[in-house]
Amino acid sequence: MGRELVTRWWNSSCGRLTRRDVWLAREVRWQVVARAGDSETGNVLRWEFDTEDEARQMVKRLVQADGGQWREMDTDTRPD
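Residues numbered from 1 in each chain as written. Predicted model: local features only at pLDDT ≥ 70, side-chain atom pairs only at ≥ 80, totals over all residues. Heavy atoms only, no water.

Asker: Describe the side chain of Ser13, with residues and values.
Answerer: Checked against the element boundaries, Ser13 lands in the loop between β1 (2-10) and β2 (21-28). Judged by relative accessible area, which is 18%, Ser13 ranks as buried. Reaching out from Ser13, the side chain makes a polar contact with the side chain of Thr18 at a distance of 2.5 Å. Setting aside anything within four residues of it in sequence, one finds Ser13 in contact with Thr18 and Arg19. (Helix = DSSP H or I, 4+ residues; strand = E, 2+ residues; numbered from the N terminus. Buried < 20%, exposed > 50% of the residue type's maximum accessible area, 1.4 Å probe, protein only. Polar contact = N/O pair within 3.5 Å; in protein donor to acceptor, adjacent residues only side chain to side chain. Contact = heavy atoms within 4.5 Å.)

Following this line, the structure appears as structure tokens:
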């Protein structure tokens, strides 16, 4: 999983009983959503991946399995 350390704090104490640390981290997960049918009654499947490459491989498998003519949509265009 992609984890990015944003920042870190410590209480300036080196003693093992008194030291405190706080981390602020962000995790990035990639999600693939596939829908068959319309937004009201369609069947929706979801997968989560740790890397963009894994997610894109799943997209490729889904698109190739259908055999239809797929085209990439602009991110501003939402399917009905």
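Asker: Tell me about unusual backbone geometry, residues and numbers included.
Answerer: Positioned with a positive phi, Ser12 is a non-glycine residue whose angle comes to about 65 degrees. Structurally, Ser12 is set in the loop between β1 and β2.

Asker: Outline the pattern of salt bridges, supporting the account with residue identities and numerical values.
Answerer: As enumerated under the stated definition, the model contains six salt bridges in all. Here Asp21 makes a salt bridge to Arg19, at a shortest N to O gap of 2.9 Å. The class for Arg19 is partly exposed, based on a relative accessible area of 33%. One salt bridge in this structure joins Asp50 and Arg29, with 2.3 Å as the shortest N-O distance. In this pair, Asp50 is assigned in the loop between β4 (43-49) and α1 (52-66) and Arg29 in the loop between β2 and β3 (30-36), connecting sequence segments 21 residues apart. Taking the relative accessible area as the measure of exposure, Asp50 reaches 32% and is therefore partly exposed. What makes Arg29 partly exposed here is its relative accessible area of 35%. Overlapping salt bridges, with partners in common, bring together Arg8, Arg19 and Asp21 in one network. (Salt bridge = Lys/Arg side-chain N within 4 Å of Asp/Glu carboxyl O.)

Asker: Could you give me a rundown of α1, with the residues and numbers involved?
Answerer: In a regular helix each residue adds 1.5 Å, so 15 residues correspond to 21 Å; α1 covers 22 Å between its end C-alpha atoms and thus fits that length. In the segment just after α1, Gly67 is the residue with positive phi, at about 80 degrees. (Expected span 1.5 Å × (residues − 1).)

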